[in-house]
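These are the residues of each chain, in order.
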Amino acid sequence: MVDKVLIAYTTKSGATKKTAEKIAEVLRDKFNYWVDLANLGEQSVPYVGEYSGVIVGTGVQKGRIYPETEFFLAKDFGRRPLAYFTCSGFTYPKTYEETLIAYTTKVLAAYPNFKPVATEAFGGYIKILGVPVARKMDMAKVAVWADIVGTKFGE
Ligand SMILES: Cc1cc2nc3c(=O)[nH]c(=O)nc-3n(C[C@H](O)[C@H](O)[C@H](O)COP(=O)(O)O)c2cc1C
């Protein structure tokens, strides 16, 4: 049973932060969980011991998730329920299925201690003529996933 959740995320252009905040909103409002957000690029690596569930979120650039996320994934999470999501521009690879394989399945294979109960690939920002444009960002989809995670964390 989960009551205190950590959402640890890494972002460069803000999509993962926005997504993490939406997930936090659903978990607080609908499930009454205590939720802390940790921006891994701005603060020291949080101590997971006090959390009964952990969600890791990361952006993607140049075919890789961010290094701060890789560092965090190597931690020992014990038996607490985990979830994982990515935000990317669907530029490389271009399809949803390939994106899941590239940045979730293949990435998490390197972290055998990190076995999430839920994973998802959300959209992010791409630049068109130098202007950031939201690509496949869908906060309703994020809210649905947060609901799934909240339910699984409560089992
Ligand atoms: C320099 C750069 C490289 C990128 N490389 C990729 C990529 O390889 N594949 C992809 O799907 N999206 C790529 N993107 C889009 C990012 O995934 C997108 O901006 C996403 O919002 C990043 O998450 P963040 O906003 O939380 O930093 C790239 C964006 C930038 C600026």
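See the structure shown above.
Since we're looking at a predicted model, the values are computed, not measured.

The rules we used
Residues numbered from 1 in each chain as written. Predicted model: local features only at pLDDT ≥ 70, side-chain atom pairs only at ≥ 80, totals over all residues. Pairing = 2+ DSSP bridges. Helix = DSSP H or I, 4+ residues; strand = E, 2+ residues; numbered from the N terminus. Near = placed C-beta within 6 Å. Nonpolar A, V, L, I, M, F, W, Y, C, P; charged D, E, K, R; others polar. Buried ≥ 20, exposed ≤ 12 C-beta atoms within 10 Å, placed from the backbone. Expected span 1.5 Å × (residues − 1). Arc of directions from axis to C-beta. Contact = placed C-beta atoms within 7 Å.

Undergrad: Provide a residue-level description of the pairing of strand β6 (residues 118–128), including the pertinent values.
TA: Where strand β5 (residues 82–88) meets β6, 6 bridges bridge the pair, whose relative direction is parallel. Its bridge partner lying in β6, A83 is registered against A118. In the sheet, β6 pairs with strand β7 (residues 131–135) via 5 bridges, with the strands oriented antiparallel. Across the sheet, I128 pairs through a bridge with V131, a residue of β7.

Undergrad: Describe the site of the ligand, and please don't skip the residues or the numbers.
TA: Neighbouring the ligand are 20 residues; A15, T16, G59, G89 and G124 lie closest to it. When contributions to the shell around the ligand are tallied by element, the ones reaching two or more residues are α1 (15–31), β3 (53–61), β5 and β6. Residue composition of the shell around the ligand, by class: 7 nonpolar, 11 polar and 2 charged.

Undergrad: Any chance you could break down unusual backbone geometry for me, citing the residues and the numbers?
TA: Of the consecutive residues Y92 and P93, the connecting peptide bond is found in the cis state with omega at -10 degrees. Assignment of secondary structure puts P93 in the loop between β5 and α3 (96–108). In this model, N32 sits at a positive phi of 65 degrees, which is unusual for a non-glycine residue. Relative to the helices and strands, N32 resides in the loop between α1 and β2 (34–39). Residue classification places N32 among the exposed residues on the basis of 11 C-beta atoms within 10 Å.

Undergrad: Explain helix α4 (residues 139–153) residue by residue, including any values.
TA: For α4, built from 15 residues, the straight-helix expectation of 21 Å at 1.5 Å per residue is met to within 8% by its first-to-last C-alpha distance of 20 Å. Every buried residue of α4 is listed here: V142, A146, V149, G150 and F153. Taken down its axis, α4 places every buried residue within 100 degrees of arc, on the same side. Facing away from the buried side of α4 by over 90 degrees, the exposed positions are A140 and V144. Against β1 (4–10), α1, β3, β5 and β6 lie the buried residues of α4.

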